[in-house]
Structures are given as C-alpha cells and as structure tokens.
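Coordinate analysis (summary)
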Amino acid sequence: MLPNRLVQLMTWGLLLVSLLLFVGSVDVTAAQLGDVTITLETHRYRPNKDLTKFVYRVTSSASPNDQAWILKLGDCILPEFVNEATSPFTWTEEPFRGIRFVRTQKKQRFIVWLSGQWDRGVVSMALITGTAGNEEILIGEIDGPYCVGSSIALEITAGAGISFPPISGPGLFLADQETTLRVTSSSSGWALSHFLDLTIPTGAWAETVERIFVLTLSPFAALEGTADIQVAYTLNPNEEDFGGLPQGDYVIGITFVVSTD
Amino acid sequence: MTIRRVRALFLILAVVTSVNLCVLGVRWSPAELDLAQDPGTEETYQLLLTNDSDERVTLTIYVGDWQRDENGINDFGVPMNGARWEFTQAFSSGDLVELRYTVQLPDEGSVDVQGTFRSWSPQMIESIVGAEQISSSAIEQPDPYVSSLWTTITRSVESVDADGIASIVLTLRVGLDFEGLTIEETYAQGIQIISLDAAGGSFDTVNRSNADWITLSHPQVTLDPEESREIAMTVATPSDFSGSAWSIIYAESRVVATGDGSGTQILTLASVGMKVFVTAPGTEVMAGEVTYVREQTTTPLAVSAAFSNTGNVQLVVNSRLQIIDQTGEIVRDVRFSEYGRDYFRILPGSQRTITIADEADMPPLPIGIYQAIFSFDFGGDSDIAGVRAFRVK
C-alpha cells in the first residue's frame with residue numbers, strides 16, 4: 001500500500017498534468033492587445049442558411065479613434081465566402097490576409113458571416129493604432145474561422161488490383177483479397193458511390209458479368225473524420241450464365257467516387 | 001452444363017496472376033465550392049489537389065453533372081449537357097416506342113447532339129442515328145417502320161417554334177427481344193432539356209448545370225507523393241442566369257497494371273469529386289412545399305413525407321415529426337437525422353422523401369386516432385408542415 005503522502009503527491013501531480021493539458025487545448029475565446037479586449041462571443045452554424053456566424057466583442061477603456069482591428073482569414077476562405085451580412089469591413093493584405101474592421105466605439109460587436117460550415121480554431125489577429133505614418137501594430141491570437149476543415153480525400157490503401165480464382169462451374173467465387181478504402185472528410189454526410197467499366201472479350205455479355213459480379217461494402221457511417229471501408233467481391237455464375245462468357249481476359253474496372261453530400 | 005463447356009470455362013479463367021498497383025490517394029481542398037458570382041462575369045478560382053499516396057500518380061481532372069435522387073442519394077451518372085432515360089421492362093421484337101423531349105436552341109440556332117443506347121439483357125450498345133444537328137432546317141418526319149432484326153433508335157426533329165424550342169422524337173424499333181434499356185443524349189453545350197413523353201421510362205437531366213461554364217487549367221496532372229498542385233478554375237457565367245447552378249469536378253487516378261493481365265481481374269480507381277455551386281447574388285428564391293405525409297405502418301410506427309424544393313437554390317432543411325393523440329397530447333416528437341446530422345440538402349426542382357420510424361424498443365401506439373405533423377424548416381420566413389390523420393387499430 002502506498003503512503004498517504006505519496007498518494008497526495010500523485011493526486012496533485014495528476015491534477016496539475018490535467019490542468020496543463022486542459023490549458024494547452026483551451027479555445028482562445030478572449031485576448032488582450034494593449035488595453036483592447038477581443039472576445040469571441042458566438043460561433044454557430046446555421047444549417048438552414050448554410051452560414052457560419054462568428055460574433056466578436058471588442059472593448060477598451062479608451063476611445064478607439066478609428067482604430068483598426070484585423071482578423072486573419074486563411075487562403076481557403078475565398079472573398080466570396082464572406083457574406084454581405086458581415087459587419088462593414090475591407091479586405092487587407094497587411095499585416096496578413098484578412099478582413100479589417102474600424103472601431104468607432106469603446107464597446108462594439110463585429111459579426112462575421114461565412115458561407116458554409118466552418119470550424120473554429122486559433123487564428124491571428126491584429127490591432128493597428130496610431131496615425132498614418134506612425135502606426136503601431138499589435139498582433140495576437142483568437143479563435144476564428146479555421147481552414148483545416150475543408151477537404152475531402154479518398155485513398156485505396158489495399159487491394160487496388162485483385163484477381164479471382166479459376167472458375168470451374170456454377171457457384172460462389174470469392175476474390176483473393178478485399179479492397180480497403182479510406183475516406184477523410186472535414187464534414188459529415190459525404191457520399192461514396194462507384195461505377196463499373198468492363199473490358200471483356202468479343203462476344204461476352206456485359207450484362208452477364210454485371211449480374212454475376214457482386215460488390216459488398218462493409219457498414220460505415222459517413223461522419224466527419226476518417227472512415228475505413230472494406231470492399232469484398234464475389235462472382236456467382238449459374239449454369240445459364242456461361243453462354244455469355246466466352247474465352248478471354250476479363251477486367252472489371254471499378255471507379256470509387258467520394259464527394260460531399 | 002456439358003463437361004466440354006465446364007472445361008472451356010476452366011481454361012478461360014484458370015490463368016490468374018497478381019497485379020501490382022500502388023496505393024492511390026486523392027484530396028481536394030476545399031471539399032466543396034459555393035460561389036456567389038454575378039451573371040455575365042468571369043472569375044478564376046484556385047483549387048488545391050494533393051496526392052496523398054506514396055507513389056507518383058497521374059490524375060485526370062474533368063467536369064461532370066450530378067443530381068440527388070428522391071432518397072437523397074447522389075447520382076453521378078447523368079451525362080454532362082445531356083439527358084438519360086431508363087426502362088426496366090422487357091421489349092419484344094416488333095415493338096415501336098417513341099420518346100419526346102424539347103431543347104431550347106442557342107442563339108446561333110443550332111446545336112450538335114450525339115446519343116447512345118444500351119440494352120441490359122442481353123447487352124448491346126449502339127449509337128442513336130438520325131439528325132445530329134438540331135435546327136429548323138433539320139425538321140423531318142421519322143422513317144416509316146421497317147421490320148428488322150436490328151434494334152435501332154432514330155432521332156428526328158419534329159418542329160422548331162418561334163422561340164427556338166425544338167421538339168425531338170426518339171423512335172425505338174425493337175429487333176430481337178431484350179430487357180432493360182438506358183438511353184443517353186449528349187449535347188455539345190449546356191442546354192435546357194425537358195421531357196414531354198418518357199414513354200413510361202424514368203427521365204433525368206440537370207437543367208441547372210454549370211458544367212459548361214467551367215474551364216480548368218489542367219486536364220491532367222502528375223503529382224509526386226504528398227505533392228500538391230493548384231488548379232485554376234475559370235467560371236464564365238451567362239448573362240441571364242438566376243439562382244444556383246451546379247456541377248462536380250472529378251480528380252481521378254489513372255493507374256497501369258504491371259502484372260501480365262490475364263484471367264479475371266478487378267482494377268480500382270479513386271476519384272474525388274468537388275461539387276461547385278454558383279449562385280447569382282440577389283436572385284435567390286428559397287421556397288418549398290410538402291408534397292405528402294403518409295403513415296407507412298402504424299405498428300411499429302413509420303411515417304413518410306415528401307418535401308419539394310420549389311425555389312432556385314439548394315436548401316438545407318431541418319425536419320421534425322410530431323404525433324398528437326385525440327386529447328392533444330404529443331406522444332411522439334422526433335427530429336430527422338442521418339449521417340450524424342439533423343438536416344438534409346435538396347437541390348432546386350427536386351423532391352426528397354424521408355421516413356421517421358419508431359426505434360425497435362419503443363412501445364407501440366395505443367389504439368386510437370392520431371395526427372402526424374411533419375414540419376420542415378428550410379430557412380424561409382416560417383416553417384411549413386404537412387398533416388395526416390391516421391388510426392391505429
């Protein structure tokens with residue numbers, strides 16, 4: 001049995017590690033630049049408008065005197081994505097690519113509306129104070145529209161080329177291996193489909209090949225993140241089917257297509 | 001089956017070799033594009049294509065049309081700038097079937113078209129013959145029927161009105177019996193196609209396609225492992241479009257088998273599609289209607305509803321089913337959900353059918369009369385709902 005003192009130390013140690021881990025992953029919902037406090041008040045996706053809303057509150061004790069506040073937007077956020085309902089802004093490239101708001105009040109809200117669904121993540125922001133030619137730029141970080149969330153990918157990680165065993169008569173024949181598909185998507189509800197492209201000998205019936213060829217997908221959920229899907233193949237000819245299968249090489253080309261829903 | 005045939009088949013498929021292929025991986029960023037662009041303008045956008053595999057890969061990039069069916073399933077098989085008819089029934093020798101549709105001719109007064117048809121069983125693939133340029137000078141009556149062993153489809157231009165709308169007839173003459181038929185017409189440019197008479201088959205086209213507006217900087221790229229390449233996409237919008245139009249840009253891997261290629265083999269390809277929506281700002285109309293609500297079964301309870309998008313932009317719709325008993329008490333209140341989301345998307349001009357059913361462990365509804373209220377929130381001024389009364393016996 002461990003001494004009480006050691007248990008206490010371990011408990012505090014665990015708490016400290018947990019706290020550090022928590023601090024390391026905490027969202028940056030408020031940040032201080034000089035005497036200006038910027039707070040992300042709201043991040044919400046409106047599915048029926050297909051818009052994502054970010055609301056920032058910017059406050060200071062001193063009068064802002066047309067101070068500029070800039071929110072960095074990553075390259076994946078095209079100008080067209082910034083909805084017209086956004087608070088008055090201008091695009092800027094300095095000190096980085098983003099949208100520039102002008103502060104006119106000590107307490108002010110700025111709303112950013114983006115087309116589509118956008119995750120939040122830590123992005124850069126800047127505050128520009130002073131007069132033209134004598135400007136001071138303060139740079140910090142705050143939660144905002146994050147670019148990492150917008151991609152879709154399909155990998156065939158195994159079984160890109162597969163063979164069938166010799167077929168000696170009617171029955172069920174399994175391919176020698178399965179195909180593994182990996183779909184990585186930033187959002188749920190992606191779509192996976194496939195179509196066939198047959199290369200068959202002269203006189204063969206494509207309809208017969210399509211009918212006896214069975215492709216089975218393992219169950220999957222089209223959710224955000226990565227999904228591995230197994231694809232199994234069988235040939236199931238009956239006696240009558242052989243009339244449509246003359247001698248030659250048969251290649252069943254399968255194109256797997258993934259896209260957003 | 002005779003022994004001879006079995007032996008022949010054994011010989012056909014006995015030589016099987018392994019095929020060496022690399023791992024394939026393709027990634028588009030962004031996953032989807034929703035662009036606001038004024039009519040009559042041209043804009044260029046940068047898309048990022050990445051080879052996620054550990055091998056050098058050549059990718060073919062091309063634009064296509066797509067739609068969703070009534071169950072929300074994506075259909076990538078509609079020919080670009082074209083239409084598709086499908087028939088599941090059997091056709092007999094001597095059958096004569098006529099399909100009618102119209103196309104809006106472009107300003108120059110003519111447009112080229114090509115078509116194919118494919119019977120399913122037994123399979124034959126043939127080209128559609130007849131008029132290959134649709135214009136007022138191509139008007140002619142279909143040929144009189146002549147009995148033949150050959151199955152043919154002939155295209156003829158029946159009329160062209162003052163507004164430039166051409167009426168087209170496809171005449172199917174069946175030679176030998178077959179079952180199942182797919183017909184595809186593909187025009188040289190984006191064009192409005194409307195079915196007048198599909199002769200009992202299904203008809204599909206994408207009349208809000210923007211595929212013809214898109215030009216890509218690269219039809220093909222070769223990428224090293226983990227390499228990314230920017231693809232420029234130029235969108236030239238017509239001067240008279242409103243609402244949204246859409247298409248899909250595929251990046252498709254092309255690989256070459258390195259085995260000896262004999263026997264029966266499967267070769268897989270990876271294709272990633274980036275959907276591209278283009279909307280004319282200020283012209284959006286968001287509108288929908290509930291086509292029907294009906295109880296599929298009462299024990300266990302399953303209620304279906306159909307929602308139609310009658311506007312001109314894609315709608316994102318939340319849906320909810322409430323069941324109310326005779327006392328006014330809400331005995332079921334279930335929100336629609338699929339793929340971990342509580343909404344579905346629906347294209348303009350489409351209908352979506354959804355069904356909400358009791359979970360297996362739910363107690364059945366007691367005997368009585370109930371009202372099913374299926375409501376839909378599509379972002380309009382207010383929700384819309386369909387109501388259906390039903391009895392549990």
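Keep in mind the model is a prediction, meaning the values are calculated, not measured.

Focus on the overall build of chain A
Helix and strand counts for chain A stand at two helices and 17 strands. Buried residues in chain A amount to 33% of all 261 residues. The long-range share in chain A, meaning contacts at least 24 apart out of those at least 6 apart in sequence, stands at 69%.

Observations concerning the overall build of chain B
A tally of helices and strands in chain B yields one helix and 30 strands. Contacts spanning at least 24 positions in sequence make up 74% of the contacts within chain B whose residues lie at least 6 apart.

A few points about the interface of chain B and chain A
Accessible area lost during the coming together of the parts is what is often quoted as the interface size. Taken together, the contacts link 68 residues of chain B with 62 residues of chain A. The set of elements that each furnish at least two residues to the side of chain B that touches chain A consists of helix 1 (3–14), strand 1 (24–29), strand 2 (32–36), strand 9 (111–121), strand 21 (244–254), strand 22 (264–279), strand 25 (315–324) and strand 27 (343–346) of chain B. Element by element, the count of residues in the side of chain B that touches chain A is highest for strand 22 of chain B, at 11 residues. In terms of residue class, the side of chain B that touches chain A is built from 37 nonpolar, 21 polar and 10 charged.

Some points on the sheet that holds strand 24 (residues 301–309) of chain B
All names here are of chain B. The strand order across the open sheet formed by three strands is 23-24-28, and the pairing between neighbours is antiparallel. Strands with a single pairing partner mark the edges of an open sheet, and in this sheet they are strand 23 (288–298) and strand 28 (351–357). When the angles between neighbouring strand axes are averaged without regard to direction, this sheet yields 20 degrees. In this sheet, strand 28 lies alongside strand 24 in antiparallel orientation, the contact comprising seven bridges. Along strand 28, the bridge assignment pairs A302 with A357.

Examining the domain arrangement of chain A
Splitting chain A by domain gives domain 1 (27–147) and domain 2 (152–259). On a C-alpha basis, the centroid separation for the pair domain 1 of chain A and domain 2 of chain A is 49 Å.

Focus on the nonpolar core
Side chains that are nonpolar tend, in soluble globular proteins, to be buried together. Grouped together as the largest cluster of nonpolar side chains are 62 residues, with contacts concentrated most on L154 and V258 of chain A together with V272 of chain B. At nine residues, strand 22 of chain B tops the list of elements feeding residues into this core. If sequence neighbours within four positions are ignored, V272 of chain B has contacts with I152, A153, L154, V258 and S259 of chain A together with V26, R27, W28 and A251 of chain B.

What to know about the pairing of strand 16 (residues 225–235) of chain A
Residues and elements named next belong to chain A. Of the pairings in the sheet, the one linking strand 12 (residues 173–174) to strand 16 comprises two bridges and is antiparallel in character. Of the residues in strand 16, the one forming a bridge with F173 is L235. With seven bridges connecting them, strand 13 (residues 179–185) and strand 16 associate as antiparallel partners. Across the sheet, the residue bridging to V183 is A227, located in strand 16.

Some words on the environment of W66 of chain B
All names here are of chain B. Of note, W66 is situated in the loop between strand 4 (57–64) and strand 5 (67–68). Distance from W66 to I249, taken between C-alpha atoms, is 10 Å for residues 183 residues apart in sequence. Those residues in contact with W66 that lie beyond four places of it in its chain are N74, D75, F76, V78 and I248.

A closer look at the sheet that holds strand 1 (residues 30–33) of chain A
The strands that make up a sheet are held in pairs by hydrogen bonds between backbone atoms, and each pair lies either parallel or antiparallel. Residues and elements named next belong to chain A. As summarised here, the arrangement of the four strands in space is 1-2-3-7, forming an open sheet in which the pairing is antiparallel. At either margin of the open sheet sits one strand with a lone partner, and together these are strand 1 and strand 7 (107–115). In this sheet, neighbouring strand axes are inclined to one another by 20 degrees on average, regardless of whether the strands run parallel or antiparallel. The pairing of strand 3 (residues 51–60) with strand 7 spans nine bridges and is antiparallel. Its bridge partner being in strand 7, V55 is matched across the sheet by I111.

Some words on the confidence of the model for chain B
All names here are of chain B. For chain B, per-residue confidence averages 87 on the pLDDT scale, and 90% of positions sit at 70 or higher. When mean pLDDT is compared element by element in chain B, strand 18 (residues 214–216) scores highest at 97, while helix 1 scores lowest at 32. Note that residues 1–22 has pLDDT below 50 and, in this model, 51 contacts with residues that lie over four places away or in other chains. The ipTM assigned to the predicted complex is 0.78, against a pTM of 0.73.

Thoughts on the domain arrangement of chain B
According to the domain assignment, chain B consists of domain 1 (19–66 + 210–279), domain 2 (80–201) and domain 3 (288–392). The C-alpha centroid of domain 3 of chain B is placed 39 Å from the C-alpha centroid of domain 2 of chain B.

As for unusual backbone geometry
In this structure, P95 of chain A follows E94 of chain A across a cis peptide bond, with omega equal to 0 degrees. With respect to the helices, strands and loops of the structure, P95 of chain A is situated in the loop between strand 5 (90–92) and strand 6 (98–102). Cis geometry is adopted by the peptide bond preceding P30 of chain B, which originates at S29 of chain B and carries an omega value of -5 degrees. Residue placement: P30 of chain B occurs in the loop between strand 1 and strand 2. A positive phi angle is found at N81 of chain B, which is not glycine, with a value near 55 degrees. By the C-beta count within 10 Å, which is 22 here, N81 of chain B ends up buried. Positioned with a positive phi, E226 of chain B is a non-glycine residue whose angle comes to about 65 degrees. Judged by C-beta crowding, with 11 C-beta atoms within 10 Å, E226 of chain B ranks as exposed.

A look at the environment of V221 of chain B
By the secondary structure assignment, V221 of chain B is in strand 19 (residues 220–223). Setting aside chain neighbours within four positions, we find V221 of chain B in contact with L49, L59, I61 and R229 of chain B.

Cut-offs used in this document
- Residues numbered from 1 in each chain as written.
- Chains lettered and ligands numbered in written order.
- Predicted model: local features only at pLDDT ≥ 70, side-chain atom pairs only at ≥ 80, totals over all residues.
- Helix = DSSP H or I, 4+ residues; strand = E, 2+ residues; numbered from the N terminus.
- Buried ≥ 20, exposed ≤ 12 C-beta atoms within 10 Å, placed from the backbone.
- Contact = placed C-beta atoms within 7 Å.
- Nonpolar A, V, L, I, M, F, W, Y, C, P; charged D, E, K, R; others polar.
- Pairing = 2+ DSSP bridges.
- Axes fitted to C-alpha atoms, helices over the stretch in contact; angles between N-to-C directions.
- Domains from an automatic or database assignment.
- Core = buried A, V, L, I, M, F, W, Y, C linked by C-beta atoms within 7 Å.
- pLDDT = per-residue confidence, 0-100.

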